[in-house]
Amino acid sequence: MLRFVAKRLALAVPTLWAVLTLVFVLVRIVPGDPTIVILGDQASPAARAALRERLGLDQPLWSQYWDFMVQILHGDLGRSLVTNRPIITDVGAVLPFTIELTVAALVIGVVIGVPLGVMAARRRDGFADWFARIFSLAGLSFPAFVSGILLLICFAVQLRWFPVISTANASDPMERLRALVLPAFNLGLIMVAYVTRVTRSGMLKALGEDYIRTARAKGLPQRIVVWRHALRNVLIPIVTVIGLYLGVLIGNAVVTEIVFNRPGLGKLIVTALNQRDYALLQGLMVVSAFAIVVANILTDLTYGLVDPRVKTA
Amino acid sequence: MTFALDTAAPNAEAPPANALTVEGLTTSIRIAGRWFDAVRDVSFTVGPRETLALVGESGCGKSLTALSIMGLLPAAVGRVSAGRIVVDGVDMTAADEPAREAMRGDRIGMIFQEPMTSLNPVLPIGFQIAESLIQHRGLSKRDARKRVVELMELVRIPAAEERLDAYPHQFSGGMRQRVMIAMALACSPRVLIADEPTTALDVTIQAQVLALLADLQKQVGLAVLLITHNLGVVASVADRVMVMYGGDVVESAPMRSFFKAPTHPYSEALLNAMPRVDRATALAPIPGQVPTLPDMPAGCRFQSRCPLRVDKCAERPPLVPMASDPAHAVRCWVRAGA
């Protein structure tokens, strides 16, 4: 198991390197002189040259690349061009909110999606199956900004169960939790849809396998046959889908955070875009890329837990 | 080494003479929305220590008969439409599902053709063997583990203790079939159904597994229903033979008299299609194929491929004992009279 973990971690190094290089290149091939973008076209050549020097843009490309990598390895993402605050501080302040939201959405996706998929497969073409299919189709068809607004109108404006304007910053943990429910459901909806679908189709296949017949031949009750023997095998595709979808989830969090007015990476990205803060954007790209790489490592490690065949492979 | 399988008959008050009794079993399967009888009016008994071989081509109803006995027919496409199945004195056809669950794995076990796919790939094999002990005998996980080591030694899996927590992919086909046997025998059942237990194995492993089954059968007094299409296997382990064709039992006989005098034209053809070292003649394949259920002829189901066909074959012949040997029964108008 330790060797397996070490191998996965070692594989992440070249991935991260490639992603960081891509970020570096992307920021530099964007057309236009960044100093004009930042200072405006009325700026004096002297001011622009000073800014170039400050940003290190007067250095040769390889030297910029080297500095960029060294900085990141030291956990330094540079300073915001607008506020001049260290980017890592700004990101660190909002990152917990995005993590909280993403993890809550993930939990909702699994806790609702897996049982729904299992019930649908057990009673194929029955009520649970139709419900699961319609629900997952709806979940996949609603864009996050539409479902978010619907949730707000229904549960916050009409029923007043949850706050309309996010209170995610509140110090009272109950209040913070209350503010999390609607955004988490909004973000989790698509997760539920994906997980339900993959669980249903996986279970339909698994329930026809020979080892299920063996389990029944042992006289195990249907409940154990379904939840232990079949579902354990379906965990493998479920983990795959969750892993693939985690990246999308991080992207979707942006929309959800804006609709619900929550602090988080999403709002920071929008701020950075509006203010043309390239340094902040670059820092946020690095953070998102890092998050996705970590999510992938976690997925691979989870494979090792749910599929005994992975360890020796 | 001592084996801990109980050898005493569990039903002390009225020990049933037959471990397994099947009377008039008819199993229907659904094809394109219509139900067809895929097993018709099958009756037999298997006593303790006895091996009954059920023989026939693919699709003749052997495996359906086994699944009917186990109560493992997929409900959407198969059902027992008539007959009685009595396992160790319990009428399985009258029992409800929980009662059948209590019998399966405890009083009656089954091993399957494909050891590669019949074990759950994500559960340790020790646990898979232990499950029925925990379920039926209420053993704790620790006690079950001890018993599992005994069972694995019983089926001659080397280094049993170290391999308790191994997974199926770490075992060869032959070893997996041993695991299946240990699993089926965990609760010391009275009846074992072995559905093509050696078909997927290498020839040398086949012989080992068959010898193991025969050994265990002697030790614990198991009644074995062996399903196979391999007449070589039948000759080496069976006491009696039942040949099925198109869902009908066409011949039923003690093993020796079957091989000495196969009577039904289909049995004859089966034997002629088997390679033998003591005969230099070319193999004689049976012409044609088993008709599909919707195309099954009325009357004798073998008539379309039968060299002895007469007009009377349009009527279904009964399974009747032969005059020369009452233990030998045949379902054929032409041969029954002979």
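Remember, it's a predicted structure, so these values are computed and weren't measured experimentally.

**Student:** What is the right way to look at the packing of helix α4 (residues 125-137) of chain B against helix α5 (residues 141-154) of chain B in this model?
**Tutor:** Between two packed helices, what matters for the description is the angle formed by their axes and the separation of those axes. All names here are of chain B. Two elements in contact, α4 and α5, have axes separated by 9 Å at closest approach and are oriented at 115°. In this structure, α4 crosses over α5, and the sense of that crossing is right-handed. Counted together, G126, I129, A130, L133 and I134 of α4 and K141, A144, R145, R147, V148 and L151 of α5 form the full contact between these two elements. The class makeup of the residues in the contact of α4 with α5 is seven nonpolar, one polar and three charged.

**Student:** I keep staring at the environment of A230 of chain A and nothing clicks. Help me out?
**Tutor:** By the secondary structure assignment, A230 of chain A is in helix α10 (residues 222-259). C-alpha of A230 of chain A to C-alpha of I292 of chain A: the two residues are 62 residues apart in sequence and 30 Å apart in space.

**Student:** Honestly, the interface of chain A and chain B in this entry has me stumped. Any pointers?
**Tutor:** A common way to state how big an interface is: give the accessible area lost once the parts meet. The interface of chain A with chain B comprises 19 residues on the first partner and 25 residues on the second. Of all elements in the fold, only α9 (210-217), α10 and α13 (308-312) of chain A reach the threshold of two or more residues within the side of chain A that touches chain B. The element that contributes the greatest number of residues to the side of chain A that touches chain B is α9 of chain A, accounting for seven residues.

**Student:** I keep staring at the pairing of strand β1 (residues 20-31) of chain B and nothing clicks. Help me out?
**Tutor:** The side chains of a regular strand alternate between both faces of the sheet. Residue and element names in this part refer to chain B. Where β1 lies against strand β4 (residues 78-87), eight bridges are found, and the strand directions are antiparallel. From the neighbouring strand, V22 faces β4, where its bridge partner is I85. Of the pairings in the sheet, the one linking β1 to strand β2 (residues 34-46) comprises nine bridges and is antiparallel in character. Within the sheet, the bridge partner assigned to V22 lies in β2 and is F44. Hairpin connection between β1 and β2: a loop of two residues separates the two successive antiparallel strands, and A32 in this loop has a positive phi of roughly 50°.

**Student:** How do you make sense of the nonpolar core when you look at a structure like this?
**Tutor:** Note that soluble globular proteins tend to have their nonpolar side chains buried in a common cluster. Among the nonpolar cores identified, the biggest contains 162 residues, and M191 of chain A together with A182 and L226 of chain B are the most heavily contacted of them. In terms of residues, this core owes the most to one element, helix α8 (residues 173-206) of chain A, which gives 16 residues. Excluding residues that lie within four positions of it along the chain, M191 of chain A makes contacts with A105, L106, I108, G109, G113, Y245 and L249 of chain A.

**Student:** Please explain the UniProt feature "transmembrane region" (unreviewed entry) in chain A as it appears in this structure.
**Tutor:** Residues and elements named next belong to chain A. The UniProt feature table records "transmembrane region" (unreviewed entry) at residues 93-118, 130-159, 179-196, 234-260 and 280-306. Counted over residues 93-118, helix gives 100% and strand 0%. Its end C-alpha atoms are 39 Å apart. From the first C-alpha to the last, residues 234-260 spans 34 Å; its make-up is 96% helix and 0% strand.

**Student:** Where do I start with the sheet that holds strand β12 (residues 329-330) of chain B in this structure?
**Tutor:** Pairing between sheet strands relies on hydrogen bonds along the backbone, with the strands arranged either parallel or antiparallel. Residues and elements named next belong to chain B. With mixed pairing, the eight strands of this open sheet are ordered in space as β6-β7-β8-β3-β9-β10-β12-β11. Edge strands, defined here as strands with exactly one partner in the open sheet, are β6 (108-111) and β11 (320-321). Where β11 and β12 come together, two bridges link them in antiparallel fashion. By the bridge assignment, P321 is partnered in β12 with A329.

**Student:** What exactly am I supposed to notice about the domain arrangement of chain B here?
**Tutor:** All names here are of chain B. Splitting chain B by domain gives domain 1 (20-238) and domain 2 (244-336). With 18 residues of domain 1 at the interface, the matching set in domain 2 holds 14 residues. Those elements that place two or more of their residues in the side of domain 1 that touches domain 2 are β2 and α9 (231-237).

**Student:** Help me out: how do you make sense of unusual backbone geometry in this one?
**Tutor:** Apart from glycine, the bulk of residues carry a negative phi angle, and the bulk of peptide bonds sit in the trans form. All names here are of chain B. Positive phi is not limited to glycine here, since D41 has a value of about 50°. If you trace the backbone, D41 turns up in strand β2. A residue is classified by how many C-beta atoms lie within 10 Å of it, and D41, with 17 of them, is partly exposed. A positive phi is found at S188, a non-glycine position, where the angle reads about 50°.

The rules behind the values
Residues numbered from 1 in each chain as written. Chains lettered and ligands numbered in written order. Predicted model: local features only at pLDDT ≥ 70, side-chain atom pairs only at ≥ 80, totals over all residues. Axes fitted to C-alpha atoms, helices over the stretch in contact; angles between N-to-C directions. Helix = DSSP H or I, 4+ residues; strand = E, 2+ residues; numbered from the N terminus. Left-handed = near helix turned anticlockwise from the far one by under 90°. Contact = placed C-beta atoms within 7 Å. Nonpolar A, V, L, I, M, F, W, Y, C, P; charged D, E, K, R; others polar. Pairing = 2+ DSSP bridges. Core = buried A, V, L, I, M, F, W, Y, C linked by C-beta atoms within 7 Å. Buried ≥ 20, exposed ≤ 12 C-beta atoms within 10 Å, placed from the backbone. UniProt positions renumbered as here; feature names shortened; annotations may be inferred. Domains from an automatic or database assignment.

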